[in-house]
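The chain contents come next:
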Amino acid sequence: MKLSNKAYDVLKWLSLVALDAIGLFYSTLSEIWGLPFGDKVLATCVAISVFLGALIGISSAEYKKNKKE
């Protein structure tokens, strides 16, 4: 599967910045305000972030490999 540059950039931003920030933000607020499932939301965001990061890494490696050929 080939990603466009825009899709790659969006997924990279989501995996490196947004998901971790959202998870930490909600987890912190859940501690302060007693919101439910703070630890589960944080763990889910981190899991998705790591998964997207792995896919991006694979895509980047494939791109570099094909570029050399």
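Look up: the structure comes first, before these words.
This one's a predicted model, so the numbers in the text were calculated from it and none came from an experiment. (Residues numbered from 1 in each chain as written. Predicted model: local features only at pLDDT ≥ 70, side-chain atom pairs only at ≥ 80, totals over all residues. Heavy atoms only, no water.)

**Q** Just to check I follow, could you spell out the overall build of the protein for this structure?
**A** When its secondary structure is counted, the protein shows two helices and zero strands. Relative to the compact-globule value of 11 Å for 69 residues, the protein shows a C-alpha radius of gyration of 16 Å, a clear excess of over 25%. Taken along its principal axes, the extent of the C-alpha atoms in the protein is 55 × 15 × 15 Å. Considering the protein as a whole, with its 69 residues, one finds that 19% of them fall into the buried category. Counting only contacts in the protein whose residues sit at least 6 apart along the sequence, the fraction spanning at least 24 positions is 56%. (Helix = DSSP H or I, 4+ residues; strand = E, 2+ residues; numbered from the N terminus. Rg over C-alpha atoms; globule rule 2.2 N^0.38 Å. Buried < 20%, exposed > 50% of the residue type's maximum accessible area, 1.4 Å probe, protein only. Contact = heavy atoms within 4.5 Å.)

**Q** Looking at this model, I keep getting lost on helix α1 (residues 5-33). Mind explaining?
**A** Between its first and last C-alpha atoms α1 spans 40 Å; for 29 residues at 1.5 Å apiece the expected length is 42 Å, and the two agree. The sharpest bend along α1 measures roughly 45° and falls at Leu14. For α1, the elements touching its buried residues are α2 (38-68). Once α1 ends, the next one or two residues include Gly34, with phi positive near 75°. (Expected span 1.5 Å × (residues − 1). Bend = angle between axes of the 7 residues up to and from the residue.)

**Q** Please explain the side chain of Ser27 as it appears in this structure.
**A** Relative to the elements of secondary structure, Ser27 occurs in helix α1. Ignoring sequence-local partners within four residues, the contact set of Ser27 consists of Gly38 and Leu42.

**Q** What is the right way to read the packing of α1 against α2 from this model?
**A** Relative placement of two packed helices is described by the angle separating their axes and the distance separating the axes. At a minimum axis separation of 8 Å, α1 and α2 run at an interaxial angle of 165°. Considering their axes alone, α1 and α2 lie roughly antiparallel with respect to each other. As for how α1 packs across α2, the hand of that crossing is left-handed. In terms of residue class, the contact of α1 with α2 is made up of 14 nonpolar, eight polar and two charged. (Axes fitted to C-alpha atoms, helices over the stretch in contact; angles between N-to-C directions. Parallel < 35°, antiparallel > 145°, perpendicular 65-115°, else oblique. Left-handed = near helix turned anticlockwise from the far one by under 90°. Nonpolar A, V, L, I, M, F, W, Y, C, P; charged D, E, K, R; others polar.)

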